[in-house]
Structures are given as C-alpha cells and as structure tokens.
Amino acid sequence: MKLLVTGGAGYIGSVVAAQLLEAGHEVVVLDDCSTGHADAVPAGAPLVRATLREAAGDVLSEGFDGVLHFAAKSLVGESVEKPGLYWDKNLGESLALLDAMRAHHTPRIVFSSTAATYGEPERTPILETDPTRPTNPYGASKLAIDTTLAEYARLYGIGGVSLRYFNVAGAYGAYGERHTVETHLIPNVLAVPLGRRESVSIFGTDYPTADGTCVRDYIHVVDLAVAHLLALDACAPGEHEIFNLGSGSGYSVREVIDVCREVTGEPIPAAESPRRPGDPAVLIASSAKITDRLGWKPERDLRAMVADAWEFIRS
Ligand code: UDP
C-alpha cells in the first residue's frame, strides 16, 4: 500500500514507518519536526516537513491507500497549562487531515489514541466499552478525535481504527525515544546510569498497590508496530473500531526500576517523592478485543523493553 505516516519523525511514528517499509509498503512521512527529529525518519521514506493543515491536502492529492496518524502534542502537564494548544494541534490538525482524506478519497486511517481517554478507571483491566472520562485536555483532545473518526466513518465511508496505547517502551534498533522534555519512567531511570541524572524520582509511595507505587501496563514499541500493520488490514469502509493495546498485566514503578538495575548492572539511586498530580494508581488494559479480532498478542516482556531502550540510548 501507499501510506502516509503523520508524525513519522517521532518515537512511535518512526518505528512504525520503519516496519511498514520492511513489510514492503511505500511510505511518505508528514511531520513539522516541532518535537520529532528529521534524522529519525527511516531512509526510504521521503519527509514532507510541514503541519497537517499546511500540507495534508497536497500530499494526499497524489493518491494514498491509507494514513497512520501519530502527529500530536502529548505532554499531559503542558495540556493542562495550554488547553487551547492541544485542541488546536490535536483536534484541529486532525480535522484538516480528515477533510483532506475525504477530498482525495483516502480510504483508511489508523489513529494513535491513548489510555488517557479513560481517565481514572473504575476497574481494571480496562475494556474498550468502559466509560471515557479524561482528566486532562490531552486525553480529552484524543477522545474527541476518536469521536470524529467514528462520524467520518459513518458519514463519508472512511475505514478507521483507533489504537489506545497504554505505556509504550523499548526501541527498534536505531529508532527509539528521544524527547526533549522527557517525562516517561523508563528513559528517566536509564538517564541515571548514563550520567544524565543523579537519581530517579519515584512519584508517590502511598498508592493502594502492593508496594505503594503506581502500576502501569507496559508494551514494547515493536509489538505496538505489529498491531498497526494488523489494524491497517482490518480497516473496513464506513466502520470505526477502537482497540486497547496493552499486555493485561502491570509493573509497579519500583519493579521497573529493579529491572533497569538488572539490565544495566548499575545501582540506580531512587528518591521517594510526592505523587505527580493526576496519576491513577493502576492502569491496565484488557487487550482481549484485539487478540480475538485481529490475533494480536504482545510478545516482548519488560526486560526486552528495558534492554532495547538501553541499547538505543547508549548508541
Ligand atoms: N514516574 C516516576 N518517575 C518518573 C517518571 C514517571 O515515578 O521520573 C511514574 C509516574 O508517576 C507513573 C509511572 O511512573 O506512575 C509511569 O509514568 P509515565 O510518565 O512513564 O507514563 P504515564 O503512565 O504517565 O503515561
């Protein structure tokens, strides 16, 4: 297929673009490189350096079989401070993309949604049919895009799949996580043995969990990429489907730090710190739907995620 990858200069977009190329697809990347890196775009995928509003129409007028849509602002704290930016960049730019798809008859889209659409869950593991009550503008803007996709599928026959990611980690060879502002746990822990930080902060040790720290459902970015390829084939005209992507089980912050210590062979000091506002105690996905419908299953464990991330950040 001829595919447009928006946000293909970012972490997950670049991994998926690389895997699409390896699977034999033709890939064009559209990214304004505001947070991504031009040198992360895989060789073999031309980069159009522009926003979706500026360029989605022109690019899609060449005729594409589908879009994988990763381009977004994704910092929860920033979204609370600048909600307008998140509505504009996430929902507004996505609308421009969808209207360009409509105008140029692009038949399918796989969208990078998030567990943040669910907010604080009433129960875990979270099912796709559970209530969506996002607790910040980032999650709200992603949920609004999911809703818009459902409408564009119903009204204009586009086939859409939203994949709701839980905690993505790991790397794929030369493609990995390189955020200027790094908020994620695993890269922050690995920054210590690299000498970039003195210790890692554990945000909250009084949660109602076995060791008092938050539990999250981590999935390897390569398993995530595999799900995108399956989702692309599953897009049905006029239908919009939502699938969670997680492993169905979780690790606490302390457990993650311990695995990082094992993989790196370094002591990695950890400082117990106050809770980070807005963090639910436990976030675990049920991935039963995508397993039943598309045959997807995560294959790489936390150790593999940490080992691949460690290899990537040291290179
Ligand atoms: N966390 C932490 N120290 C850090 C970064 C994150 O203790 O330096 C915790 C955070 O409070 C959460 C978990 O690790 O409980 C995962 O956070 P991350 O930002 O990686 O992902 P999120 O679950 O917020 O999407």
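Preceding this paragraph is the structure being described.
Small disclaimer: the values here were computed from a predicted structure and weren't measured.

1. Some points on the site of the ligand
Next up, step 1: In the neighbourhood of the ligand, 14 residues make up the surrounding shell, with Leu 185, Ser 201, Arg 216, Arg 276 and Asp 279 lying closest.
Next up, step 2: A distance of 2.9 Å is found between an oxygen atom of the ligand and a backbone nitrogen or oxygen belonging to Phe 203.
Next up, step 3: Within the complex, the protein chains bury 88% of what would otherwise be the 510 Å² of accessible surface of the ligand.
Next up, step 4: Mapped onto the shell around the ligand, the elements with two or more residues apiece are helix 6 (185-190) and strand 8 (200-203).
Next up, step 5: By residue number, the principal contributor to the shell around the ligand is strand 8, which donates three residues.
Next up, step 6: Each residue belonging to the shell around the ligand can be placed in one class, and the counts come to six nonpolar, five polar and three charged.

2. Thoughts on helix 8 (residues 253-264)
Next up, step 1: The end-to-end C-alpha distance of helix 8 is 17 Å, a good match for the 16 Å that 12 residues give at a rise of 1.5 Å each.
Next up, step 2: Of the surrounding secondary structure, the elements contacted by the buried residues of helix 8 are helix 6, strand 8, strand 10 (218-220), strand 12 (251-252), strand 13 (270-273) and helix 10 (302-314).

3. Here we look at the environment of His 25
Next up, step 1: Tracing the sequence through the fold places His 25 in the loop between helix 1 (11-22) and strand 2 (26-30).
Next up, step 2: Sequence separation between His 25 and Gly 10 is 15 residues, and the spatial gap between their C-alpha atoms is 19 Å.
Next up, step 3: Filtering out sequence-adjacent residues up to four positions away, His 25 remains in contact with Met 1, Leu 3 and Leu 20.

4. Digging into the layout of surface pockets
Next up, step 1: In this structure, the second largest pocket spans a volume of roughly 250 Å³.
Next up, step 2: Within the lining of the second largest pocket, the residues separate by chemical class into four nonpolar, three polar and five charged.

5. Points about empty space enclosed by the protein
Next up, step 1: Throughout the structure, instances matching the rule amount to one cavity of 30 Å³ or more.
Next up, step 2: Taken as a whole, the largest cavity spans an internal volume of roughly 70 Å³.
Next up, step 3: Lining the largest cavity are Ala 169, Gly 170, Glu 177, Ile 186, Pro 187, Leu 190, Ala 309, Phe 312 and Ile 313.
Next up, step 4: For the lining of the largest cavity, the secondary-structure elements that each account for two or more residues are helix 6 and helix 10.

The rules behind each value
- Numbering of residues starts from 1 in every chain and runs along the sequence as written.
- It should be noted that, the model being predicted, local features are given only for residues of pLDDT at least 70 and side-chain atom pairs only at 80 or more, the latter also being counted only at that level, while totals for whole chains, interfaces and linings use all residues.
- In computing side-chain values, all of the structure's heavy atoms are included and hydrogens and water are not.
- A cutoff of 4 Å decides nearness: a residue is near a molecule or strand if any of its heavy atoms lies inside that distance of it.
- N or O atoms within 3.5 Å of each other form a polar contact, as long as, within protein, one can give a hydrogen and the other can take it, and as long as residues adjacent in sequence are counted only when both atoms are side-chain atoms.
- All accessible-area figures derive from a Shrake-Rupley calculation using a 1.4 Å probe, and residue coverage is judged against the displayed protein chains alone.
- Put simply, DSSP marks the helices as runs of H or I at least four residues long and the strands as runs of E at least two long, and each gets a number from the N terminus on.
- All residues other than Ala, Val, Leu, Ile, Met, Phe, Trp, Tyr, Cys, Pro, Asp, Glu, Lys and Arg, Gly among them, are scored as polar; the first ten of these are nonpolar and the last four charged.
- A helix is expected to span 1.5 Å multiplied by its residue count minus one.
- The criterion used for residue contact is that any of the two residues' heavy atoms lie within 4.5 Å.
- Method remark: on a 1 Å grid restricted to protein atoms, a set of points is classed as a cavity if a 1.4 Å probe fits but cannot get out and as a pocket if it is open with protein on both sides within 12 Å along at least five of seven lines; lining residues have an atom within 4 Å of a point.
- Grid points are joined across faces, edges and corners, and a volume is the space filled by probe spheres set on the points.

In short, shape yes, function no, at least from these values alone.
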